[in-house]
Amino acid sequence: MCHLQIVLHLFFAVLEIYQLLLGDDIVLLWHNIRQNSVTPTHTGAWVHIILGSLVLLLVLWRLMLRFTRGVPDAAAEALESRAVIGEVADVLWEAPHLLITGRGFAYPTAREGALKLIETCYLPTLAFSAADLLHGPLALLGPSLTTLALTPEGATSAGMAILVDQIAATGSPVITIGPTRHSSAFSNVFTGHHLSEKAAPIVDVIPLQPLALELARLKGINPDSPRALQQETNTF
């Protein structure tokens, strides 16, 4: 069950990336419809219509799985960390800045978590890969800068365990997110799953989302209406 829903999520991502990167034809078609202009529909627009319909069907399938089989076990376990997330938010809500680190497949998760904290909580958050962090930025760390470390199982776990100890040695409070509890960490958000490194980011990003929500609430910010976040943005 869990693997099927993960595959569906990955398939959604591929389809959405196509829609975003190659969306000129459908944008032109929508513009013409709004202008009451009748023009031939390009092949690219039909591709978008077909793929969009496929996304809708897959979403309905995903929802059916959700209501008939429940939340995937790994995601359910991650959601159970809400109490710990609340405690972490109580520690971080007055923090002037934050750093998130991860390695391999966890690095994009760190970037996504930093983005969520920046746009919903207005909290300046740096995201570094574990390797890049050791090439100079480690000098930033100290008691006034808290570090979130993503520590999934797999090839990077041993190196991340060493890095957690190195960060803690600087005096920076370390909060780990992963299935392993680290003795040198200030706090551990326990995910509890045993997914592969490739699949783990789908679940490991979950605790970062309620963290952004709780921090926004503590700061008196409406997380549903962050400033400067628009549905459509201009690109140059």
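To be clear, the structure that these remarks concern was listed above.
Since the structure is predicted, the reported quantities are computational estimates derived from the model, not experimental observations.

(A) Layout of unusual backbone geometry. The backbone of Tyr122 sits at a positive phi, close to 60°, despite the residue not being glycine. One can find Tyr122 in the loop between helix H6 (106-121) and strand E2 (125-129).

(B) How the structure looks around H6. For H6, built from 16 residues, the straight-helix expectation of 22 Å at 1.5 Å per residue is met to within 8% by its first-to-last C-alpha distance of 22 Å. All of the buried residues in H6 are Ala106, Thr109, Ala110, Gly113, Ala114, Leu117, Glu119, Thr120 and Cys121. If you follow the buried residues of H6, they end up packed against strand E1 (98-102), E2, strand E3 (146-150), helix H9 (200-204) and helix H10 (208-218). Directly after H6, the chain includes Tyr122, whose backbone phi takes a positive value near 60°.

(C) Structural context of the side chain of Thr120. By the secondary structure assignment, Thr120 is in helix H6. Looking at Thr120, its side chain comes within polar contact range of the main-chain oxygen of Lys116, at 2.5 Å.

(D) Geometry of the sheet that holds E3. Ordered by their spatial adjacency, 5 strands build an open sheet running E2-E1-E3-E4-E5, and the pairing between neighbours is parallel. Edge positions in the sheet fall to E2 and strand E5 (187-190), since each of these pairs with one other strand and no more. On average, each strand axis in the sheet is tilted by 20° relative to the strand beside it, whichever way the strands run. As defined by bridge partners, strand E4 (residues 174-178) adjoins E5 across 4 bridges and the pair is classed as parallel. Bridging across to E5, Ile175 finds its partner in Ser187.

(E) Just the environment of Ala95, in detail. Looking at the secondary structure, you find Ala95 in the loop between helix H5 (82-92) and E1. Judged by its relative accessible area of 15%, Ala95 is buried. In this structure, the C-alpha to C-alpha distance between Ala95 and Leu123, residues 28 residues apart in sequence, is 8.0 Å.

(F) Spotlight on the environment of Ala228. Summarising the element assignment, Ala228 is placed in the segment after H10. With 108 residues separating them in the primary sequence, Ala228 and Thr120 have C-alpha atoms 10.0 Å apart.

(G) Inspection of the nonpolar core at higher detail. Residues Leu92, Ile100, Leu117, Cys121, Leu148, Leu211 and Leu215 are the most contacted members of the largest nonpolar core, which totals 24 residues. Put simply, the parts of the chain that give this core at least two residues each are H5, E1, H6, E3, E4 and H10. Setting aside residues up to four positions removed in sequence, Leu211 forms contacts with Ile85, Val88, Ala89, Leu92, Leu117 and Leu148. By size, the runner-up hydrophobic cluster in this structure holds 12 residues, among which are Leu99, Leu145, Ala149 and Ile167.

(H) Inspection of H10 at higher detail. Buried within H10 we find Leu208, Pro210, Leu211, Ala212, Glu214, Leu215 and Ala216. Buried residues belonging to H10 abut H5, H6, E3, E4 and H9. Two residues or fewer past H10, Gly220 is found with a positive phi of approximately 75°.

(I) Structural context of empty space enclosed by the protein. Evaluation of the coordinates by the stated rule reveals 2 cavities of 30 Å³ or more. Put simply, the largest cavity is a space of about 60 Å³. Lining the largest cavity, in full, are Arg103, Phe105, Ala106, Thr109, Leu150, Pro152, Thr156, Glu197, Ala200, Pro201 and Asp204. Only H6 and H9 provide two or more residues apiece to the lining of the largest cavity. It is H9 that contributes the most residues to the lining of the largest cavity, 3 residues altogether. Grouping the amino acids of the lining of the largest cavity by side-chain chemistry returns 6 nonpolar, 2 polar and 3 charged.

About the criteria used
Residues numbered from 1 in each chain as written. Predicted model: local features only at pLDDT ≥ 70, side-chain atom pairs only at ≥ 80, totals over all residues. Heavy atoms only, no water. Helix = DSSP H or I, 4+ residues; strand = E, 2+ residues; numbered from the N terminus. Expected span 1.5 Å × (residues − 1). Buried < 20%, exposed > 50% of the residue type's maximum accessible area, 1.4 Å probe, protein only. Contact = heavy atoms within 4.5 Å. Polar contact = N/O pair within 3.5 Å; in protein donor to acceptor, adjacent residues only side chain to side chain. Pairing = 2+ DSSP bridges. Axes fitted to C-alpha atoms, helices over the stretch in contact; angles between N-to-C directions. Core = buried A, V, L, I, M, F, W, Y, C linked by side-chain atoms within 4.5 Å. 1 Å grid on protein atoms, 1.4 Å probe; cavity = no way out; pocket = protein on both sides within 12 Å on 5 of 7 lines; lining within 4 Å. Points joined across faces, edges and corners; volume = space filled by probe spheres on them. Nonpolar A, V, L, I, M, F, W, Y, C, P; charged D, E, K, R; others polar.

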